[in-house]
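If you want the building blocks of each chain, they are given just below.
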Amino acid sequence: MNASTSFVKSLLAQCCLGGICEWVVCPGARNMALLQVLAAAEDLVQWTHFDERSAAFFALGRIQDMGLPAAVVTTSGTAAAELLPAVVEAYYQRRPLLLLTADRPADYRGSAAPQAIEQADMFGIYAPTIDLQTPDDLPEDILEDWDYASPLHINVCLPDPDPTWNPGHCDLYPAEPPEENEFRGSLSGLAQALRFKARHGLVLMLGGLDPTEQAPALWLANELKAPVVADATSGLREELDHLALTDADRLLKQNPPAVLLRVGDVPVSRFWRDLEDIPSTEVFSITRTGFSGLARPSSVVTGDLDAVLRALGDVDSIGDVNGLRAMNKRRKAQLEELLITCPDSEQAMVRAFSCFAADGDCIYLGNSMPVRYWNSFAQTAVPTENVRANRGANGIDGQISTFLGASARCARAWALLGDLTALYDSNALAMLPQLDSGTRVLGVVNNGGGGIFRALPGGNKHPEALERLLIQPHARSFKAIAEQWGMRYVCIRTADEFDQLEALEKDAAILAELVPDPAQTEQVRNALAQS
């Protein structure tokens, strides 16, 4: 082969020594030299998928699970461009996703030759490019300047492949990445707000938390004793039920607190968006991502939560100054009554599904309605600490792929997605045979199209032409998809049919299609909107 053997080995070895411990590879001729070396490195964890978009989201799921960097490897051309959705999501989640894209020799740039596109800097601000046009361009430590807080793109020009080339056995030893700085930002404003302004009311809002953040966040909530809005992805939603506000968006909009302290990722709550128009509420964030999540002014401290809280020092109990939990009792009681009255609604089906999913090692929630429904309606009796979602900038892209990546090592995992979301990423299920043995349940809420758009104001009054474009209505069943990928199929149309989830086979993959009653769903939605 024309490419230097030592060049390819050295490049991959540097990546492994820089902390890349798992590789998701996609087939291609241009990246064959990379795949040959990876295949010869028996100690590395390797996954493969034919769809680059799914592969990148699967790698993102592995990062969520491990808390360590992972890489995705592609061939040249539009194969590399398929990584962009996952790259954007990883950027806003602040996940260390490494993109290793093979490229044709630099002489082909601008030529429109087959498989030759402009790959250098193709991901813009979302992933800076290290462009290796020749072996001489390889630095001594290619990951030296990577902060592991966002994606990195390595683009390597390779000559035509030689399938007869044998790299021999390769020892590429992974290592953990360097530790990040403990935190950045000033705590003085937050300390003063907790001491003085919080006397007029404080709400603690928990977004997504990594496992190492859950214990300090739980300590903070119990010390403050203020009302809490905890996303399912915090892993503390059930643990903090005694402090929680149920379906709190309307209550908080009518009674905005003086201070809102957000911990973790940007929250799902509608009230978080309403804060843009409530300048009287002073907002503070403690987050590993560094993103404020708001266009309006707010204060952000970035870094390790435990280190931030240690630096903050003692925290005084604030309590429920404005009596929000007392006002919330009626709402909570009404919600419970509605779920009993409308057992076949989407909302009640999510509650029933959550009761079964509570025994899982991992729960994954799709965007749009599933994650919002889970926050509002899921069970609270059993703690569910490992709840994942893509909440950076992502819509319905790559959700099954990320679920499979996040649950690849789990013995029992559950996911809840919408129907269009599942259709969009159904080929991700090709990964199933590569995962550790276990029980995986993919729940799909099939409401015949984009249900979240029906939930918008006036959503049930769209003219037919607009509904066709916006809602994407359909009458498809997911049975054929389950059969295609060797999954057991379960269809649930009524509350009684959840009994099918009582005794799931061990080490089985199940697709559970939930088909709610649209009239009951609308009844619950209207009742909550009018209360």
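Just above sits the structure.
Everything in this summary refers to the structure shown in the same document. (Residues numbered from 1 in each chain as written. Predicted model: local features only at pLDDT ≥ 70, side-chain atom pairs only at ≥ 80, totals over all residues. Heavy atoms only, no water.)

**A short note on the pattern of salt bridges**
What counts, and what does not: Put simply, a salt bridge is a Lys or Arg side-chain nitrogen that is within 4 Å of an Asp or Glu carboxyl oxygen. For helices the rule is a DSSP run of H or I covering at least 4 residues; for strands it is a run of E covering at least 2, with both sets numbered from the N terminus onward. The classification of residues rests on relative accessible area computed with a 1.4 Å probe and restricted to protein chains. Under 20% of the type maximum is buried, over 50% is exposed, and intermediate values are partly exposed.
As enumerated under the stated definition, the model contains 21 salt bridges in all. Salt-bridge contacts for Asp-425 lead to Arg-53; the nearest nitrogen and oxygen are separated by 3.9 Å. Placement of the pair is Asp-425 in the loop between α15 (419-424) and β16 (439-445) and Arg-53 in helix α3 (residues 52-66), with a sequence separation of 372 residues. Classification of Asp-425 by relative accessible area gives buried; the value is 0%. The buried category is assigned to Arg-53, whose relative accessible area is 11%. Residues Arg-409 and Asp-436 are paired through a salt bridge, measuring 2.7 Å at the closest nitrogen-oxygen approach. Residue Arg-409 is located in the loop between α14 (399-406) and β15 (412-418), and its partner Asp-436 is located in the loop between α15 and β16; the two are separated by 27 residues in the primary sequence. Members of the salt-bridge network, linked through shared partners, are Arg-95, Asp-210, Asp-265, Arg-288 and Arg-388.

**As for the packing of aromatic side chains**
Formally: Only the six-membered ring of Trp is used, alongside the rings of Phe and Tyr, when aromatic pairs are assigned; centres must lie within 6.5 Å, and planes under 30 degrees apart are stacked while those over 60 apart are edge-to-face, with the rest tilted. Whether a charge sits over a ring comes down to the Lys NZ or Arg CZ being within 6 Å of the ring centre and within 35 degrees of the ring normal.
Tallying each qualifying case throughout the model produces 11 aromatic pairs. On the numbers, 5.1 Å between centres and 90° between planes, the contact of Tyr-91 with Tyr-126 is edge-to-face. Here the residue Tyr-91 occupies a position in helix α5 (residues 84-93), and Tyr-126 occupies one in the loop between β4 (97-103) and β5 (129-132), the gap between them amounting to 35 residues. The ring of Tyr-424 has Arg-53 sitting right over it, with the charged end atom 4.7 Å from the ring centre. Its end group placed over the ring of Tyr-91, Arg-94 keeps NZ or CZ at 4.8 Å from the ring centre.

**Some details on the sheet that holds strand β1 (residues 22-25)**
To be explicit about the condition: A pair of strands counts as paired when DSSP detects no fewer than two bridges linking them. Axis definition: a line fitted to C-alpha atoms, limited for helices to the stretch in contact. Angles are taken between N-to-C directions and run from 0 to 180 degrees. Only heavy atoms enter the contact rule, under which two residues are in contact if any of them lie within 4.5 Å.
Pairing is parallel in the open sheet, where 6 strands are placed in the order β2-β1-β3-β4-β6-β5. Strands with a single pairing partner mark the edges of an open sheet, and in this sheet they are β2 (45-48) and β5. Each neighbouring strand pair of the sheet contributes to a mean axis angle of 20°, computed without reference to strand direction. Sheet strands touched by α3: β1, β2, β3 (70-74) and β4. Its angle to β3, the strand with the most contacts, is close to 170°.

**Considerations on the environment of Arg-493**
If you trace the backbone, Arg-493 turns up in the loop between β17 (488-492) and β18 (509-514). Under the relative-accessibility criterion, Arg-493 is labelled partly exposed at 48%. Separated by 148 residues in sequence, Arg-493 and Ser-345 place their C-alpha atoms 9.5 Å apart. Once residues within four sequence positions are removed from consideration, Arg-493 is found in contact with Asp-344, Met-349 and Val-515.

**A few points about the nonpolar core**
Operational definition: Throughout this description, the term nonpolar core refers to a set of buried Ala, Val, Leu, Ile, Met, Phe, Trp, Tyr and Cys residues connected via side-chain atoms within 4.5 Å.
Leu-404 and Leu-442 are the most contacted members of the largest nonpolar core, which totals 44 residues. For this core, the element with the highest residue contribution is α3, accounting for 7 residues. In this structure, Leu-416, Phe-498, Ala-512 and Leu-528 belong to the second largest nonpolar core, which totals 36 residues.

**Looking at unusual backbone geometry**
Of note, the phi angle at Arg-94 is positive, near 60°, even though the residue is not glycine. With respect to the secondary-structure elements, Arg-94 resides in the loop between α5 and β4. Phi is positive for Asp-121, which is not a glycine, with a value near 60°. Along the chain, Asp-121 turns up in the loop between β4 and β5.

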